[in-house]
Amino acid sequence: MTAHRSTLLMLLLASATTALAVENDQSMAGVENPARARVNYMLNCQGCHGPTGSGMADGTVPDMSGYLARYLHVEGGREFLVRVPGSANAGITPAALAEVLNWMLETMDAEHLPADFAPYRAEEVEALRSQPLQDVVTTRAALLTRLADLDLERR
Ligand code: HEC
């Protein structure tokens, strides 16, 4: 590991530890280690999705904050969150990806989590990510139509 990379990791871990004080206040289902989940998010997802999941201002990456868990209310939504390329192709293990997704759902959009939410588990994630979406745009548009029909309140 280069000196530059280890310094970057130390900075990331330091900020993750600070955030942990907040996250530890309530335990998160399916998140064994919130600090590890945050660091995995920072290293693998944040570059596109931003620190809070708000995406890119130019609209190329969608805003997930206050929105992400809504997908769990429509058929195909749970699968979509794993099969979308950013998730499916991430260079982390199925267990780490399951933890990151659970962490994202609970930190970015706890408000819309279904009451019967069952956290992602490694086995489910491994099976789903082996079938990455070929038609992301069409699949996403269909899900958003189903969501609009549901008329869940937007925060
Ligand atoms: C190279 C940029 C990029 C990276 C890195 C990335 N994503 Fe994404 N992500 C996107 C884009 C763009 C979309 C919108 C759907 C699409 O076009 O793929 C998206 C959509 C998503 C969605 C569905 C939300 C929605 O409204 O479409 C989830 C969940 C998601 N990403 C999770 C992740 C996770 C988890 C990681 C890290 C392990 C990650 N992404 C890394 C660009 C990225």
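Bear in mind that the values here come from a model prediction, so they are computed numbers and not experimental data. (Residues numbered from 1 in each chain as written. Predicted model: local features only at pLDDT ≥ 70, side-chain atom pairs only at ≥ 80, totals over all residues.)

A. Representation of the overall build of the protein chain in the model. For the protein chain, the helix and strand inventory stands at eight helices and zero strands. Burial status across the protein chain gives 25% buried among its 155 residues. Residue pairs in contact within the protein chain that sit at least 24 positions apart in sequence constitute 70% of those at least 6 positions apart. (Helix = DSSP H or I, 4+ residues; strand = E, 2+ residues; numbered from the N terminus. Buried ≥ 20, exposed ≤ 12 C-beta atoms within 10 Å, placed from the backbone. Contact = placed C-beta atoms within 7 Å.)

B. Structural view of the site of the ligand. Neighbouring the ligand are 19 residues; N44, C45, C48, G86 and A90 lie closest to it. Broken down by secondary-structure element, the contributors of at least two residues to the shell around the ligand are α3 (46–49), α5 (85–88), α6 (94–108) and α8 (136–150). Classifying every residue of the shell around the ligand by side-chain character gives twelve nonpolar, six polar and one charged. (Near = placed C-beta within 6 Å. Nonpolar A, V, L, I, M, F, W, Y, C, P; charged D, E, K, R; others polar.)

C. Spatial organisation of the nonpolar core. Counting 22 residues, the largest nonpolar core has L68, V100, L101 and M104 as its most contacted members. Residue assignment for this core shows that the elements contributing at least two residues are α2 (34–44), α4 (77–83), α6 and α7 (122–129). By residue number, the principal contributor to this core is α6, which donates eight residues. (Core = buried A, V, L, I, M, F, W, Y, C linked by C-beta atoms within 7 Å.)

D. Structural view of the environment of V61. Note on placement: V61 falls in the loop between α3 and α4. Residue class for V61 comes out partly exposed when judged on the 17 C-beta atoms lying within 10 Å of it. Look past the residues within four positions of V61 in its chain and what remains in contact with it is C48, H49, G55 and M56.

E. Local environment of the environment of F80. Relative to the assigned elements, F80 resides in helix α4. For F80, a count of 19 C-beta atoms within 10 Å translates into the label partly exposed. The spatial distance from the C-alpha of F80 to the C-alpha of R129 is 9.6 Å, given a sequence separation of 49 residues. When near neighbours in sequence (up to four residues on either side) are disregarded, F80 contacts Y71, T139 and L143.

F. Region of the structure containing the packing of α2 against α6. Contact geometry of α2 with α6 gives a least axis separation of 9 Å together with a crossing angle of 95 degrees. Taken together, the axes of α2 and α6 are roughly perpendicular relative to one another. Seen from α2, the contacting residues are P34, A37, R38, N40 and Y41; seen from α6, they are A96, E99, V100, W103 and M104. Taken together, the residues of the contact of α2 with α6 break down into seven nonpolar, one polar and two charged. (Axes fitted to C-alpha atoms, helices over the stretch in contact; angles between N-to-C directions. Parallel < 35°, antiparallel > 145°, perpendicular 65-115°, else oblique.)

G. Local environment of the packing of α6 against α7. Where α6 meets α7, the closest approach of the two axes is 8 Å, and the angle between their N-to-C directions is 105 degrees. As far as their axial angle goes, α7 and α6 are roughly perpendicular. Here P94, A95, L97 and A98 of α6 come into contact with α7, specifically with A122, V125, E126 and R129. Looking at the contact of α6 with α7 residue by residue, the class counts come to six nonpolar, no polar and two charged.

H. Seen up close, α6. Here α6 contains 15 residues, and its C-alpha end-to-end distance of 20 Å stays within 8% of the 21 Å for a straight helix at 1.5 Å per residue. Among the residues of α6, L97, A98, E99, V100, L101, N102, W103, M104, L105, E106, T107 and M108 are the ones counted as buried. In this fold, the buried residues of α6 make contact with α2, α4, α5 and α7. (Expected span 1.5 Å × (residues − 1).)

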